Amino acid sequence: MRSLLTLAFVFAVNVLLSQGIIRGKITDGVTGETLIGANVIIQNSTRGVMADLDGNYSIEGLTPGSYDVIGSFI
């Protein structure tokens, strides 16, 4: 299940580096259902958000660059 969640999450990530925003939609890799309240964090930092009722998330105010983003859901 975790690998399917990760796969769905990787495809859902949309990074807008010029504006310092990471946004996307997190869904279940099997059912395609949105994951309400899933946690989305930037690895090795204290920055993160919780997905909304539609599975959407947005992390703003980032310095342009590369980030490892992790999604988790219980």
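Parameters at a glance
Residues numbered from 1 in each chain as written. Predicted model: local features only at pLDDT ≥ 70, side-chain atom pairs only at ≥ 80, totals over all residues. Heavy atoms only, no water. Helix = DSSP H or I, 4+ residues; strand = E, 2+ residues; numbered from the N terminus. Buried < 20%, exposed > 50% of the residue type's maximum accessible area, 1.4 Å probe, protein only. Areas by Shrake-Rupley, 256 points an atom, 1.4 Å probe, with all protein chains shown as cover. Pairing = 2+ DSSP bridges. Axes fitted to C-alpha atoms, helices over the stretch in contact; angles between N-to-C directions. Core = buried A, V, L, I, M, F, W, Y, C linked by side-chain atoms within 4.5 Å. pLDDT = per-residue confidence, 0-100.

## Some thoughts on the overall build of the protein
Okay, so step 1: A count of helices and strands for the protein gives one helix and six strands.
Okay, so step 2: Reading the protein from its N terminus to its C terminus gives the helix and strand order α-β-β-β-β-β-β.
Okay, so step 3: Buried residues in the protein amount to 30% of all 74 residues.
Okay, so step 4: Summed over all atoms, the accessible surface of the protein reaches about 4,800 Å², with 55% contributed by carbon and sulfur.

## Examining the sheet that holds strand β3 (residues 39-42)
Okay, so step 1: The three strands lie next to each other as β4-β3-β6, forming an open sheet whose pairing is antiparallel. Of all the strands in the sheet, just β4 (48-50) and β6 (69-72) have a single pairing partner and so form its edges. Across the sheet, the mean angle from the axis of one strand to that of its neighbour is 15°, orientation sign disregarded.
Okay, so step 2: By the bridge criterion, four bridges tie β3 to β6 in an arrangement that is antiparallel. Bridging from a neighbouring strand, Val 40 pairs with Gly 71 of β6.

## A short note on the nonpolar core
Okay, so step 1: In terms of nonpolar packing, the biggest core is built from seven residues, these being Ile 22, Val 40, Ile 42, Tyr 57, Ile 59, Leu 62 and Val 69.
Okay, so step 2: The set of elements that each furnish at least two residues to this core consists of β3 and β5 (56-59).

## Comments concerning the confidence of the model for the protein
Okay, so step 1: Considering every residue of the protein, the mean pLDDT works out to 80; 74% of them sit at 70 or more.
Okay, so step 2: Ranking the elements of the protein by mean pLDDT puts strand β1 (residues 13-16) last with 47 and β4 first with 95.

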